[in-house]
Amino acid sequence: MSQLKYRRILLKLSGEALMGDGDYGIDPAVINGLAKEIIEAQKAGAEIGVVIGGGNIFRGAGLAAGGMDRVTGDHMGMLATVINALAMQDALEKHGVNARVMSAIKINQICEDYIRRRAVRHLEKGRITLFAAGTGNPFFTTDSAAALRATEINAELLLKATKVDGIYDADPKKNPGAKRFDKLTYDEVLARDLQVMDTAAFALCRENDIPLRIYDMGREGALMRILQGEDIGTLVTR
Ligand code: UDP
């Protein structure tokens, strides 16, 4: 256990991360691969909270663009995150580890309610704790939920797993010469107007001084190596 640099972390996975090469839903092989990475870190002694997005199923803004009431759309988006969290719980439990879904919206027949003290207890017991339904409020994102839960559980690091291997000074897909940063401060991110997380999420991390690392989730073994102190992706700190 002592070889870990971070003991308690909050991992944010986007819903899109679960789609693999598809354009909707959950790819079982992909979610299984992610589950294995999380379990490897848990077995090494890390206490892991996970926030999963819902963009692989529904996003409120997208539904609103199609004519739906925005709040209803956001409710559907939050329920999508519950579906993803249940799928991840199942993938984790298939490997024999304990996992718990805690929802910010009451759905008691399906999962526990989010209660901070109970969540911390789960983490202390080594249960992988999946925070579902975002913040429970419309007009927020799961990035905000990740920043909020990371703050509440006193996470030592917020990890945002994406399809890009860090923060660049320009979009690397459009600019082949784009430069990746190893480290940034919160103020540099703001001054350069870099798109890291949505504004509310970023403000929470900054105000509460939570180190944030952006990394490529497709890189096998990256989660474990980050927890051991390796500099993978981009780290944002004060
Ligand atoms: N959502 C919400 N409140 C929250 C978190 C999420 O209303 O606190 C809704 C919102 O509609 C969002 C959707 O759930 O678009 C899915 O979350 P998100 O877009 O953050 O997922 P990701 O992009 O990470 O897959």
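In this text, all values refer to a predicted model and were calculated from it rather than measured experimentally.

1. Some thoughts on the sheet that holds strand 4 (residues 112-113)
- Taken together, 9 strands build an open sheet; the order of strands is 4-3-5-2-1-6-10-11-9 and the sheet is mixed. Every other strand in the sheet has two partners, leaving strand 4 and strand 9 (183-185) as the edge strands with one partner each.
- Inspection of the sheet shows strand 6 (residues 157-162) paired to strand 10 (residues 212-216) by 5 bridges, in the parallel sense. Bridge assignment links A161 to a residue of strand 10, and that residue is Y215.
- Contacts from helix 1 (residues 28-43) reach strand 1 (8-13), strand 2 (47-52) and strand 5 (128-132), with the element oriented near 155 degrees to strand 2.

2. Structural notes on the pairing of strand 2
- Burial within strand 2 is extensive, with 6 of its 6 residues counted as buried.
- In strand 2, alternate side chains face the same way, and those of E47, G49 and V51 on one face and I48, V50 and I52 on the other are all buried.
- Note that strand 1 and strand 2 share 6 bridges and pair parallel. By the bridge assignment for strand 2, L10 is matched with G49.
- Once the chain exits strand 1 it traverses helix 1 before rejoining the sheet at strand 2, and the crossover so formed is right-handed.
- Inspection of the sheet shows strand 2 paired to strand 5 by 3 bridges, in the parallel sense. In the sheet register, G49 faces strand 5, and the bridge partner there is T129.

3. Description of the UniProt feature "binding site: UMP" (unreviewed entry) in the chain
- In the numbering adopted here, UniProt assigns the feature "binding site: UMP" (unreviewed entry) to G54, D74, T135, G136, N137, P138, F139, F140, T141 and T142. With the annotated positions falling across 89 residues, the maximum pairwise C-alpha distance of 14.1 Å places them together in a single cluster.
- Relative to the assigned elements, D74 resides in helix 3 (residues 70-94).
- With 24 C-beta atoms counted inside 10 Å, the residue D74 sits in the buried group.
- In contact with D74, other than residues within four places in its own chain, are G60, P138 and F139.
- Exposure remark for P138: the 16 C-beta atoms within 10 Å place this residue in the partly exposed category.
- Look past the residues within four positions of P138 in its chain and what remains in contact with it is G60, R70, V71, D74 and H75.

4. What about the site of the ligand?
- Around the ligand, 25 residues are found, and the nearest of them are G53, G55, G60, G77 and G134.
- Put simply, the parts of the chain that give the shell around the ligand at least two residues each are helix 2 (60-65), helix 3 and helix 5 (142-152).
- By residue number, the principal contributor to the shell around the ligand is helix 3, which donates 6 residues.
- Across the shell around the ligand, the residue classes tally to 6 nonpolar, 15 polar and 4 charged.

5. Things to note about the confidence of the model for the chain
- In this model, the chain carries an average pLDDT of 96, and 99% of its residues clear a pLDDT of 70 or more.
- Across the whole predicted complex the pTM is 0.97, and at the interface the ipTM reaches 0.98.

6. Looking at the UniProt feature "domain: Aspartate/glutamate/uridylate kinase" (unreviewed entry) in the chain
- As recorded in UniProt, the sites labelled "domain: Aspartate/glutamate/uridylate kinase" (unreviewed entry) are residues 8-215.
- What you have in residues 8-215 is 39% helix and 20% strand, and the ends, taken at the C-alpha atoms, are 17 Å apart.

7. Quick word on the nonpolar core
- Counting 71 residues, the largest nonpolar core has V50, L130 and L158 as its most contacted members.
- Tallying contributions element by element places helix 3 first for this core, with 8 residues.
- Beyond its immediate sequence surroundings of up to four residues, V50 is in contact with L11, L13, I38, M88, I128, L130 and F131.

8. As for helix 4 (residues 116-124)
- Here helix 4 has its buried residues at A119, H122 and L123. The arc that holds the buried residues of helix 4, viewed along the axis, is 100 degrees, so those residues lie on one side. Seen from the buried face of helix 4, the exposed residues on the opposite side, beyond 90 degrees, are R117 and E124.
- Buried residues along helix 4 sit in contact with strand 1, strand 2, strand 3 (99-103) and strand 5.
- One or two residues past the end of helix 4 sits G126, with phi positive at roughly 85 degrees.

9. Overview of helix 5
- Most of helix 5 sits inside the fold, with 9 of its 11 residues counted as buried.
- Of all the residues in helix 5, the buried ones are T142, D143, S144, A145, A146, A147, L148, R149 and A150.
- Elements that come into contact with the buried residues of helix 5 comprise strand 1, strand 2, helix 3, strand 5, strand 6 and helix 7 (199-207).
- A positive backbone phi angle near 55 degrees is found at N154, which sits one or two residues after helix 5.

Procedures and definitions
Sequence positions are assigned chain by chain, starting from 1 and proceeding in written order. Two thresholds apply to this predicted model, a pLDDT of at least 70 for residue-level local features and 80 or more for giving and counting side-chain atom pairs, whereas whole-chain, interface and lining totals are computed over all residues. Strands qualify as paired when DSSP identifies two bridges or more between them. A helix here means a DSSP run of H or I that spans at least four residues, while a strand means a run of E at least two residues long, and both kinds are numbered starting from the N terminus. Contact between residues is assigned whenever the C-beta positions, reconstructed from backbone atoms, fall within 7 Å. For every element, the axis is a line fit to its C-alpha atoms; helices are fit only across the contacting stretch, and the angle between N-to-C directions ranges from 0 to 180 degrees. A residue is called partly exposed when the number of other C-beta atoms within 10 Å of its own lies between 12 and 20, exposed at 12 or fewer, and buried at 20 or more, with C-beta atoms placed from the backbone. When the strands point away from the viewer, a crossover counts as right-handed if the route from the first strand across the helix to the second turns clockwise. UniProt positions are given in the numbering used here, feature names are shortened, and annotations may be inferred rather than shown by experiment. By convention here, the C-beta atom is placed from the backbone, and a residue is near a molecule or strand when that atom is within 6 Å of it. Three classes are used, and their members are as follows: Ala, Val, Leu, Ile, Met, Phe, Trp, Tyr, Cys and Pro are nonpolar, Asp, Glu, Lys and Arg are charged, and the others, Gly among them, are polar. Values of pLDDT, which run from 0 to 100, indicate the predictor's confidence residue by residue. Connectivity within a nonpolar core runs through C-beta atoms within 7 Å, and the core itself is a set of buried Ala, Val, Leu, Ile, Met, Phe, Trp, Tyr and Cys residues. Each direction from the helix axis to a C-beta atom contributes to the arc, which is the arc of those directions.

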